[in-house]
Amino acid sequence: MALIRRRKPIEPSKTPVQRKEGEGEEEEEEEEEDNSKNKHPKKSYKKSKPKWTCLDNCCWFVGCICVTWWTLLFLYNVMPASFPQYVTEAITGPLPDPPGVKLRKEGLKAKHPVVFVPGIVTGGLELWEGHQCADGLFRKRLWGGAFGEVYRRPLCWVEHMSLDNETGLDPPGIRVRPACGLVAADYFAPGYFVWAVLIANLARIGYEEKTMYMASYDWRLSFQNTEVRDQTLSRIKSNIELMVATNGGNKAVIIPHSMGALYFLHFMKWVEAPAPMGGGGGPDWCAKHIKAVMNIGGPFLGVPKAVSGLFSAEAKDIAVARAIAPGVLDKDLFGFQTLQHIMRMSRTWDSTMSMIPKGGATIWGDLDWSPEEGYIPIKRKQKNTDTQKASQDGPERKIFEIKRANYGRIISFGKDVAEALSSDIERIDFRDAVKGQSIANTSCRDVWTEYHDMGFGGIKAVAEYKVYTAGSILDLLHFVAPKMMERGSAHFSYGIADDLDDPKYQHYKYWSNPLETKLPNAPEMEVFSLYGVGIPTERSYVYKLSPSAECAIPFQIDSSADEQFEDSCLKGGVYTVDGDETVPVLSSGFMCAKGWRGKTRFNPSGSRMYIREYDHSPPTNLLEGRGTQSGAHVDIMGNFALIEDIMRVAAGATGEELGGDQVHSDIFKWSEKIHLQL
């Protein structure tokens with residue numbers, strides 16, 4: 001019977017009438033399901049094989065990113081702190097001790113108080129008062145830190161980061177102030193150090209908050225206005241006096257970086273000048289309070305990069321980005337016309353005008369001459385070997401292959417103009433040009449710049465002048481941005497003094513120009529120029545007219561201007577020379593190499609000068625971060641050799657005890673080509 005019961009359910013000929021009473025309910029349910037499938041075959045097919053939509057793809061992609069991110073974050077947090085060092089040492093061999101550890105083993109201890117002077121953009125800025133769009137941001141960082149507000153409310157951020165275009169001070173209803181303490185500029189953004197590595201190494205030999213001071217200031221303001229609005233110069237003076245008095249009379253070591261070198265040059269004149277313009281410290285204040293000034297990447301004679309920034313809100317990196325994605329930075333992207341807003345904002349920052357090239361054609365060259373003439377960007381190790389002259393097929397042969405770079409032509413409209421003989425260039429003077437029909441309408445008012453007042457006539461006149469040297473750059477900027485330059489000319493000067501005893505040079509507008517002011521009467525004070533070399537650094541530019549468009553900036557770097565030779569100085573519309581990627585060697589090194597060396601009219605007391613160059617070496621692998629031998633403008637702050645030099649001086653060493661000058665570039669040769677009355 002059991003065998004018969006098993007076979008009956010599978011016989012196809014069985015009908016419902018022949019079924020036994022115990023078999024009924026389950027089989028009827030199966031038949032109903034089969035019938036429902038036969039009635040709706042298409043509907044059933046759709047359910048079993050759903051379509052994959054774009055939304056599904058996006059969700060899948062975002063999910064993968066999130067899972068990967070959280071996995072990496074988890075692995076990073078559980079990974080031993082020594083693992084990156086272990087991997088790096090496995091690849092490159094044992095790493096050297098950090099300078100603080102090394103010098104502590106040698107027995108060095110904290111002696112002289114140190115003062116850090118940040119450069120442009122590296123110091124944090126906080127909001128103390130703002131408009132309605134900035135609600136909830138009281139004392140939050142608008143600059144530095146995570147930059148979260150840039151992404152959330154960009155136009156509000158631009159409004160609060162801009163200064164008043166008439167006064168160069170706070171706009172009505174807005175107060176943005178510099179952050180205070182060592183945290184003001186230890187990191188520019190999370191994980192991106194500025195002063196943090198140097199601070200940590202100084203701490204290893206005994207330094208702490210009372211012997212270190214971050215002289216933070218609002219780097220947007222003109223130098224004198226930092227005193228007018230915030231009394232920053234007075235605070236620096238008081239803090240240095242306090243640190244010297246509470247450290248047994250040991251003089252301070254001042255460490256400015258980038259534009260901070262110009263700011264502290266201004267301070268040294270301000271502190272000795274009589275009130276109300278100056279600090280009233282008297283002519284011997286610096287001699288009493290300062291042991292050494294160790295300038296890191298100081299743009300003493302300005303930087304051509306400042307010209308391109310003010311002229312078209314560009315630099316080499318921006319030009320490359322525009323070439324990769326044409327028009328993106330110029331378009332109204334999510335209501336934010338990027339370059340136009342950057343120009344509107346940065347042109348209110350008077351400090352940017354402190355870095356316009358100083359000294360004119362005497363320093364930077366003219367149409368047919370420049371100090372760096374003949375420079376070839378070959379590897380320095382190749383250049384400094386004794387076999388340089390032995391191989392006639394090496395670097396010397398390349399001189400004839402590579403076209404001569406006319407570095408004195410800071411702006412050229414067209415590659416052909418940049419390379420042409422000066423006698424072949426036909427120019428139409430723009431200075432008396434009538435500014436023509438306005439190119440702006442009401443839709444451009446939110447990104448208003450002074451280009452809109454020039455009109456087509458003024459823009460055409462600028463392009464027809466064709467080439468601009470350091471001698472005509474000021475006239476160009478006065479023409480394209482008269483309001484900006486009117487403010488700037490009240491605070492900065494860019495010439496060379498004929499007679500430094502002329503009473504006019506007692507005005508603060510000359511104090512940050514080393515060619516129009518004297519160093520303080522402090523014969524025992526030492527001045528260092530510490531900077532990186534071996535990186536192509538912007539020196540001059542090839543420009544073109546931008547495609548005509550509403551509200552657009554009318555000029556841009558011509559990124560198509562290039563040379564095919566590997567060792568060419570022209571890449572992407574930018575001519576480069578030796579430097580630290582931001583400041584050319586000529587600007588960082590000339591004053592210590594020649595202008596201030598010995599007793600000159602710019603250094604009447606004969607303060608000792610030292611040049612310490614650091615040859616750039618990029619990190620060997622990703623785990624090494626930004627490298628311990630970098631010569632780049634900001635990354636050099638983590639250079640072990642530079643940190644060790646600073647620490648030895650802070651612990652009491654002199655420049656001679658460091659080994660005197662350390663030079664890899666041609667700065668002394670280039671300085672000799674500059675005929676400056678000393």
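For the structure itself, consult the block above.
Model, not experiment: these values are computed from the prediction.

This brings us to the overall build of the protein chain. Helix and strand content of the protein chain: 27 helices and 19 strands. Taken over 678 residues, the protein chain has a buried fraction of 51%. The long-range share in the protein chain, meaning contacts at least 24 apart out of those at least 6 apart in sequence, stands at 74%. Counting only carbon and sulfur atoms, one obtains 56% of the accessible surface of the protein chain, whose full area is about 32600 Å².

Counted according to the given criterion, the structure contains 27 salt bridges. Here K460 ties to E464 by a salt bridge, and the two come within 4.0 Å at their closest N and O atoms. Of this pair, K460 and E464 both sit in helix α21 (residues 451–465), 4 residues apart, which is roughly one turn of that helix. Exposure remark for E464: the relative accessible area of 28% places this residue in the partly exposed category. Note that R626 and D635 form a salt bridge whose closest N and O atoms lie 2.7 Å from each other.

Right, let's talk about the packing of aromatic side chains for a bit. Within this structure, the stated rule accounts for 28 aromatic pairs. Ring centres of W143 and W157 lie 6.0 Å apart, and the angle between their planes is 15°; on these two criteria the pair is classed as stacked. With W143 in strand β3 (residues 141–143) and W157 in helix α8 (residues 154–161), this pair connects stretches of sequence that are 14 residues apart. The exposure class assigned to W143 is buried, which follows from its relative accessible area of 11%. Among the residues examined, W157 registers a relative accessible area of 9% and is labelled buried. On the numbers, 4.8 Å between centres and 10° between planes, the contact of F311 with F555 is stacked.

A few words now on the sheet that holds strand β4 (residues 175–178). With antiparallel pairing, the 3 strands of this open sheet are ordered in space as β3-β2-β4. Sheet topology places β3 and β4 at the edges, where each strand pairs with a single neighbour. Averaged over all neighbouring strand pairs, the angle between strand axes comes to 45°, with direction disregarded. One ladder, built from 2 bridges, connects strand β2 (residues 125–129) with β3; its direction is antiparallel. Bridge pairing links E126 to R141 in β3.

On to the packing of helix α10 (residues 223–230) against helix α11 (residues 232–245), then. Remark: α10 packs on α11, axes separated minimally by 6 Å, with the N-to-C direction vectors making an angle of 85°. Taken together, α10 and α11 sit at an angle that is classed as roughly perpendicular. In this structure, α10 contributes F223, Q224, T226, E227 and D230 to the contact, and α11 contributes T232, L233, S234 and R235.

This next bit is on a nonpolar patch on the surface. Nonpolar side chains collect at one region of the surface, where W60, F61, V62 and I65 lie side by side and expose about 450 Å² of accessible area between them. One can find V62 in helix α4 (residues 54–78).

Counted under the stated rule, the structure contains 1 disulfide. The disulfide partner of C133 is C156, and the gap between their sulfur atoms is 2.1 Å. On the sign convention where negative is left-handed, the bridge of C133 and C156, at about 80° about the S-S bond, is right-handed. On the criterion of sequence distance, the pair formed by C133 in the loop between β2 and β3 and C156 in helix α8 is long-range, its members being 23 residues apart. Residue classification places C133 among the partly exposed residues on the basis of a relative accessible area of 31%. With relative accessibility at 9%, the residue C156 sits in the buried group. The cysteine C66 is free of any disulfide, with C64 supplying the nearest cysteine sulfur at 9.4 Å. A residue is classified by how much of its surface remains accessible, and C66, at 37% relative accessible area, is partly exposed.

What counts and how
- Think of each chain on its own: its residues are numbered from 1, step by step along the sequence as written.
- Per-residue local features are limited, in this predicted model, to residues with pLDDT of at least 70; the limit for side-chain atom pairs, both in listing and counting, is 80 or more; totals at the level of whole chains, interfaces and linings are taken over all residues.
- Where side-chain values are given, they derive from all heavy atoms of the structure, hydrogens and water being excluded.
- Each helix corresponds to a stretch of at least 4 residues labelled H or I by DSSP, and each strand to a stretch of at least 2 residues labelled E; elements are numbered beginning at the N terminus.
- Burial classification: accessible surface area is computed with a 1.4 Å probe over protein chains only, and a residue below 20% of its type maximum counts as buried, one above 50% as exposed, and the rest as partly exposed.
- Every residue pair with non-hydrogen atoms within 4.5 Å of one another is taken to be in contact.
- The Shrake-Rupley method, run with a 1.4 Å probe sphere, supplies the accessible areas, and residue values consider only the shown protein chains as cover.
- The term salt bridge refers to a side-chain nitrogen of Lys or Arg lying within 4 Å of a carboxyl oxygen of Asp or Glu.
- Stacked, edge-to-face and tilted labels apply to pairs of Phe, Tyr and Trp rings (six-membered ring for Trp) whose centres lie within 6.5 Å, assigned for plane angles under 30 degrees, over 60, and everything in between, in that order.
- Two strands are counted as paired when DSSP detects at least two bridges linking them.
- Helix axes are fitted only over the stretch in contact, all axes being lines through C-alpha atoms; the angle between N-to-C directions runs from 0 to 180 degrees.
- Roughly parallel means an angle under 35 degrees; roughly antiparallel means over 145; roughly perpendicular covers 65 to 115; every other angle is labelled oblique.
- What goes into a patch is any residue over 30% in relative accessible area without a salt bridge, connected to like charges within 9 Å or, for nonpolar side chains (Val, Leu, Ile, Met, Phe, Trp, Tyr), within 5 Å.
- Put simply, a disulfide is two cysteine sulfurs that come within 2.5 Å.

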